[in-house]
Amino acid sequence: MADPKGFLNTDREVAQSRPVEERVKDWNEVYVPGSLLPIVSKQAGRCMDCGIPFCHQGCPLGNLIPEWNDYAYREDWSAASERLHATNNFPEFTGRLCPAPCESACVLGINQPPVTIKNVEVTIIDKAWDNGYVTPQPPERLSGKTVAVIGSGPAGLAAAQQLTRAGHTAVVYERADRLGGLLRYGIPEFKMEKRHINRRIEQMRAEGTKFRTEVEIGRDIDAKKLRKRHDAVVIAAGATTARDLPVPGRDLNGIHQAMEYLPPSNKVQEGDLTVSPISAEGKHVVVIGGGDTGADCVGTAHRQGAVSVTQLEIMPKPGEERSENQPWPTFPMLYKVSSAHEEGGERVYSVSTTHFEGDENGDVQWLHLVEVEMKDGKPEQKPGTEQRIPAQLVTLAMGFTGVDRENGLVEQFGVELDERGNVARDGNYATNVDGVFVAGDAGRGQSLIVWAIAEGRSAAKGVDRYLMGTSALPAPVGPTDRAMAV
Amino acid sequence: MTLPFPVIDNDELAKLIHINADGDLPGFKSTTLSGLYRVHEGGRGLSERIKEVCAEADAAIEAGARLIVLSDRHSDAEHAPIPSLLLTSAVHHHLIRTKQRTQVGLLIEAGDVREVHHVALLIGYGAAAVNPYLAMETVEDLVRDGTFLPGDMPAEDAIRNLIKALGKGVLKVMSKMGISTVASYRGAQVFEAVGLDESFVDTYFHGTTTKIGGAGLDVVAKEVAARHAKAYPVTGITAAHRALEIGGEYQWRREGEPHLFDPDTVFRLQHSTRARRYDIFKQYTQRVDEQSERLMTLRGLFQLKDERPSVPIEEVEPVSEIVKRFSTGAMSYGSISQEAHETLAIAMNQLGGKSNTGEGGEDAVRLYDPARRSAIKQVASGRFGVTSEYLVNSDDIQIKMAQGAKPGEGGQLPGPKVYPWVARTRHSTPGVGLISPPPHHDIYSIEDLAQLIHDLKNANPQARIHVKLVSEVGVGTVAAGVSKAHADVVLISGHDGGTGASPLTSLKHAGGPWELGLAETQQTLLLNGLRDRIVVQTDGQLKTGRDVVVAALLGAEEFGFATAPLVVSGCIMMRVCHLDTCPVGIATQNPVLRERYNGKAEFVVNYFQFIAEEVRELLAELGFRSLDEAIGHAELLDVSRAVDHWKAQGLDLEPLLHVPDLPDGAVMHQVTEQDHGLAKALDVELIKLSADALSADSGQDAQPVRGQLAIRNINRTVGTMLGHEVTKKFGGAGLPDDTIDITFTGSAGQSFGAFLPRGVTLRLEGDANDYVGKGLSGGRLVVRPDRGADHLAEFSTIAGNTLAYGATGGEMFLRGKVGERFCVRNSGALVVSEGVGDHGCEYMTGGAAVVLGETGRNFGAGMSGGTAYVVDLDPDNVNAGLRDAVHGHEDLDDEDKAWLHDVVRRHHQETGSTVAEALLADWDTALTRFGKVIPATYKAVLAAKDAAERAGLSESETHEKMMEAAING
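Residues numbered from 1 in each chain as written. Chains lettered and ligands numbered in written order. Predicted model: local features only at pLDDT ≥ 70, side-chain atom pairs only at ≥ 80, totals over all residues. Heavy atoms only, no water.

Undergrad: Hey, could you go over the interface of chain B and chain A for me, with residue numbers and the actual values?
TA: Each partner contributes residues to the interface: chain B has 43 residues there, and chain A has 53 residues. Of the roughly 4,000 Å² buried between chain B and chain A on both sides combined, carbon and sulfur atoms contribute 59%. If you sort the residues of chain B by the area they bury against chain A, His241(B), Arg254(B) and Phe267(B) come out on top, with a joint share of 21%. Taken together, chain B and chain A are joined by 1 salt bridge. When the shortest N-O distance is used, the salt bridge between Arg253(B) and Glu67(A) registers 2.9 Å. Linking chain B with chain A are 16 residue pairs in polar contact (both at pLDDT 80 or more). When residues of the side of chain B that touches chain A are traced back to their parent elements, those giving at least two are helix 10 (263–274) and helix 23 (591–595) of chain B. If one sorts the elements of the side of chain B that touches chain A by residue count, helix 10 of chain B sits on top with 7 residues. (Contact = heavy atoms within 4.5 Å. Buried area = accessible area lost by both parts, 1.4 Å probe. Salt bridge = Lys/Arg side-chain N within 4 Å of Asp/Glu carboxyl O. Polar contact = N/O pair within 3.5 Å; in protein donor to acceptor, adjacent residues only side chain to side chain. Helix = DSSP H or I, 4+ residues; strand = E, 2+ residues; numbered from the N terminus.)

What follows is the structure, encoded as C-alpha cells:
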C-alpha cells in the first residue's frame, strides 16, 4: 500500500482550472497545464488499497486503480502506465472525459471525499506520453485474418487495437473525414484537445491497424460485400439517431441537434473553417437537455460569444447528496457543476418546451416553456406557469435512440435490432449474422466512453475466439452488464 | 552437515552441490535431478517422469550420492516444472518405501516457492532445505527497480530478508503446531488435504488425511499446462501490457480468484439490511449461494433433497425463535471499536440471540446494562479482563481453545491500539502491546480442560460453558472428550472465518472447513451416546439461510456469525484490522475514525431476521416445522448431482453425510443438561457458613465470618462458588477485605480460590495442587504448611503449577516453593512465594510478583507489564527477550524499598515464614540481594504517568502522555 495513513493526513485536492475569463477566450483545455503533477502523488497516497476495491468494480474497464495509485504515489510512471494500459487502451480519453464512476465507488467516499482517481489516471498517461513510455505494441506474428471495424469512436478503436495486437489485421472504416467519432467531433476542444486522438492513432497505425476515412458502410460500400472481404466485422457505429423534439416551430431556422451544432465548431479548431456556420455569437442560446452533451453546447456557446445561455432540463434539479435509492457505491445522479457551468449561463429544471416562436424570416426568436411536475415517472404540466424566453439559437441535447437506420448498414447486414433500436447481440457480442459483431453504443445504446472502450475490448475477445477457437484477450464486461444499482 | 536455516540462497545451494567438487568429501556427494516433464503428455507424462526421477534417485544413491537436489530450473516451451511439493513428497515417500530415505538429504530448488506455506509444506514433506530461486530473483528485480525497495539497498540484503521471512514464517507454523525443532517438523506431515484424490494422496503424500477425495494427477497436470500456456501461448503472441497476471488471492480483483464477499455481495448485503429490503437480501443470498456452488465452499456442493413433503411456511417456527440460536463472533473490544462492539451486542440483545465479548473483557458499565452487555463472555488464553464479576454476569462462558482463522495462535493487540479505555477493560497499561499466549497455560490435557470447565461453572453455575474448537481431522474425538468433560456447548469453528488481522499464512492455510469438522463431531458424539447432553454450535463464514440449514442438517443447533454482521455494520473488508486505520470505524480505536462509523443495531437485527426468514423458507421446503426437527438429518443433503467442474470430479462427499445407525428414540440434538456435580462441592457448606455476610444489604453492613474446615484434594475449586455469591450480591467491588475469612486444614484440590473476589480470604494450612488463585479477582489466599509439619518449608513445594494465572487483583502469600508457569498473565495481583519453577511471570502485564528464592528458566517470557522482585536473581534465567528489563538492587528507589519491606513483613506475618524473618532481620543487606524485573516500555509508561500526575495534568492528558511514552519506548 502506498501510505497507510494517507487518507487521514491528506485532504482531497483536484486539478486547478484556469480562470473563467481567460479560458472562455480560447479553446484549450480548461485545466492549468502541469498543475496536477506536483500534487498528484500525494493524492494517490490517499488510496487505501482496499481488500475489496470497489473503484475497480465501479470502473467498467476494471482499471487496476489501487495498483497504479501505488505506482503514482511512488512516482514510478513507467510501471504505472504499464498497469494502466493493462485494462485501458486509451487512458488519455477517460482521464479527461470520464465522469469517473470509480470515484463514486471509492471506499473512502463512504464518509470522505474520494480519491482523485481520474486526476491520477490522466497524470500517469500524460507522463507516459511525455517520457516516451507509450510505444507501439505490434503483434509478434500475424494470424492472416482480417477484421473490419465500422466506426472509429472509442469502441471501434479499442476493438481494433485489441484485434491488431492479437495478430489480426484490423481495418477501421470511418464515414467522417477524421478519426475519433464522437471524441473528434462531439467533444469540444476545451474538454479534450484533439492532439490526444492523433497521437493515439499514430501508435495504432504503427502497430498495423489500417484506417479508411470518408467511407460509410451501407452507403459507400455494401455491408454484405464488406463482410465477404473480411473474416469478421465489428459494428461500432455508435447510437447516432438523435432524439427529436416534435413541437410546433421545430422547423424554424436556428434549431439544431447538438450533433449538428458541435461538429462545425470542432472543424473550426481543426482549421477547416474559420467560423462555424452555426455560431452562437451575439445570440440568446437555449440548450435543451441537462446532460453532458448539453454542457458541451453551453461551453461552446460561451466561447462563440453568446449573449446568454440557458440550459433546460425536464427533470427536477438533482440533489447534491446521495439519495436513499442511490447508495454508495452506485453511480448517483447528482447536481454537478461542469466547467461549462462555471463559465456562466443559467440552468432551469422541471420545465418542458411547448413550442418555438419565430420571426418573419422563419428564424427562431422565442422558446415557450411550461413548468412540469413528475407524477408516476411522467412529467405533468403545471397550468399557469407558461412563459417564453428569448432563443435565437436552440440546440437539442436530449439523447440518442439507437444505431443509424438510414444509411443501409442495418438492412444490408440483416442484423436484428433490439426493442430499443440497438443492434442485438449474444454473450460474445455476436449479432445474428455469422461473423458480425457489435460493440459500444451501437449495441448498448448511448453510454459512457469508458463503457465503449470496455465493450470494444470485450467484443475483440469474441471476435478473436470466433477466428481462432480460443482467446487470451480480456473481456472486462458482458453485453448485458450494467453499473451496480439498487 | 548442519544447516543453520532451512531456506538457502543460490550461493549456499551451490556450495552444497559442489561440496565434493574436489573429491575430498565423498560422503557429501551430490546429484541434481531435473523436475521437468513433457507438458503435452499430460497426467501420464507427469506420472512417468516422477517414476523416472525416483529411479534416478535410486541410481544416484547407488552411486554414492548423499545430497539429492530436486530442481525445476530450465523449463521451456515443451517442458514444464513438476510442482515442487508433488516432486518432493513423491521422492521422499519413494525413498521411505525403498528404505533409503536416511541415506540422503533432499534439497529443493524450486521456482514455485514464494510463500511461507510453500516452504512449510516442502519441509513438512521431507525437504532438508529449500532454494526459492525465482522468488529471490523477483526480489532482486524489485531492488533494481527501486520502486518498492530503496534503490540503495544491496540486493543481497533484500534476499536475506526474504529468506529470513520465509524461514521465520516456518518457525511460526511449527510453533502453532507445537513443534520445537526443524528436525521434528521435517516430514511430520502436519497437514490435511481437502479435495485430493485418495489414491493420489496415498501414492505421493502417503499418510496424509484426505477425507472427501477429489483431484488427482490429471488435474494437477492440467493446471500446470494452463500455467505453462500462459508463458508459452499457442498463438505465439503475448498479450500487451500484461506481463503478469494480477492475482487476487488476498485482495479481490475482477480477474483474480473469486471471493464470496465481493463488491456485489457486500453492496447488496449492506443495502438490504439498511433499507430493510428482503428482496435485495434475497439477491445477496442468491449470489453468495451461486458462488458457493462454484467450488468455493463444500456446502456449495450440496443440494437439499426434496424427498419429504413440504409444509406450509406458516407452520414453521417463527423468526423470533430461530434468531435465539444465533450468536455473533468473538471479536474483542480492542480489536474492534466500542461502537461496533456495542452495535452487535444491542442487536443480539434485542433479538434474544447472543453477542460475544471476545478476548478483551467487558467494560463495567456494559456488564450491567441489559441492552449493551454481551451474553457470551469469552475466556481465552490471555484471560484479559476475566474477573469474577465478568464471569458472574455472563449467560454463556466460552473457552476459546483455538480460533478458526488462526488455530494455534493467540491474538495480538499492538501497543498503539491499546488505548486507555481498552487498557481499562483488559486490566492492562495504555500503549503497551498485549499478546495472548498460544496455549491456555492451565490446559495441557483434556483433564485440565475439564478442570477449567468446572472452575468456570463454579464461577457462575447458571452459565453454560462453551468450548470452542477448530475444525480439523480428529475434532470429533476432541468434541467427545469435551462432552465428557461436562461442557454445555461445543463450537466447531471453520477455517474461513477470520479477521484482516490474522497472519496471511493462517488466513489461507490453517484449519479446515466447518462442514468436515461438524459432520465428524456429530457422528462421533452420536456413536458414543454423548450427543444428548451437549449443544453443538458452528461458525465460519456463515452468510445465508442456506448455510444455516446445511449446518443444521449436519448436526449444528446454534450458529455463529462474525464477518457478515460486521459487513452489515459497515465493514468493507479493508483487511487492515491490525493497522488501526479502519476507514469505517470498526477495527480501530482512533477517535477520528470511530466518528466515521455508521453501523446501527437495527441493521444487524434486520440481517438476522432475514437469515431466519430464509431458514424458515428452507425448512418449509424440507418439510420441517422447526430447526430441532431438522438437526442431524444429513441424509437430506444430496451430493449426487454431478459436479460439473473439471476439478471436482473425484470428490466423494458421502462420508460427510453418514448418519450412524441409532437405536429407536435416539436424539440427534441436546435434550438433557450436563451434571456438573456442584451440589457436592465444599462451597455449598461455605456459602451456608457465610450467610451472615451474604445476607447484608451492602458490603459495609456485612458481618464478618470466620470459620475453619478440613479440606481434601477431592475438594476442587474451593471458594469459587462462594465468590460467585459474593460478586452476584455485591458486584465487582466485593466486600471489605477479610470480611469472610476461612481457614482450611489439609490438602486442597485443584484451583483453590479460583476467581476469588475481594472480601474473601482463604487460608490453607497444608498444601495445594495446581491453579491456586487462578483468575484471582481481589480475594486473598494464604498457603502455609501444616503447623505440625517439621520440614523446612522453603525447600519444599507448597503449591503446584500455574498459580495466579490470569489474576486481576488480590494477594497471595505462599510459604514455600511453587511449580512452573507462576503468575502467567497476572495483571493485578500481588503474589509472594519462596521459589518458582520455569516460565515464571510469562506474559505478565501488571501486578507484582515477589520471589524470595530461586527462579527457573525462561523467567518473564513475553512479559509486557508488572514488576517482579526476585532475591538472588540469576539473569541467565530471564528470557532473552527481556534482558533489558532486569535491574540490579542499585536501581531500587526508596519507594521500591519501602514497598518491598512492607510486603516481606506481611508475608512473615501471614505465613510465619522464616525466610521473610531472616530478610527482615538484616534488611539493609537483604535489600542488596533483590533484583527487579520491569519491562522497559511499561516502565517508561509508568514514569510518564507519574510525571503527568505530578504536573497536575488531566486524566486524558495523562493518558496521552502514557501512549506517547509507550510508542517512543
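And the narrative resumes.
Undergrad: Describe the pattern of salt bridges, listing the residues and the values that go with them.
TA: Considering all chains together, one arrives at 89 salt bridges over all chains under this definition. In this structure, Asp404(A) engages Arg175(A) in a salt bridge whose closest nitrogen and oxygen atoms are separated by 2.9 Å. Here the residue Asp404(A) occupies a position in the loop between strand 13 (393–396) and helix 17 (409–413), and Arg175(A) occupies one in the loop between strand 2 (169–174) and helix 11 (182–185), the gap between them amounting to 229 residues. Since its relative accessible area comes to 37%, Arg175(A) is described here as partly exposed. Where Asp838(B) meets Arg857(B), a salt bridge forms, and the shortest distance between an N and an O atom there is 3.3 Å. Of this pair, Asp838(B) sits in the loop between strand 28 (827–833) and strand 29 (845–851) while Arg857(B) is found in the loop between strand 29 and strand 30 (865–871), placing the two residues 19 residues apart along the sequence. A relative accessible area of 16% places Asp838(B) in the buried class. For Arg857(B), a relative accessible area of 51% gives the class exposed. The network of salt bridges with common partners includes Asp738(B), Asp741(B), Arg763(B), Arg780(B), Glu811(B), Arg906(B) and Glu910(B). (Buried < 20%, exposed > 50% of the residue type's maximum accessible area, 1.4 Å probe, protein only.)

Undergrad: Got a sec to walk through the sheet that holds strand 29 of chain B? Specific residues and values, please.
TA: The strands making up a sheet associate through backbone hydrogen bonding, with each pair oriented either parallel or antiparallel. All names here are of chain B. With mixed pairing, the 10 strands of this open sheet are ordered in space as 21-22-23-24-26-28-29-30-32-31. Of all the strands in the sheet, the pair left with one neighbour each is strand 21 (705–711) and strand 31 (886–887). Here strand 26 (residues 809–814) runs beside strand 28; their pairing, made up of 3 bridges, is parallel. By the bridge assignment, Met-812 is partnered in strand 28 with Val-831. (Pairing = 2+ DSSP bridges.)

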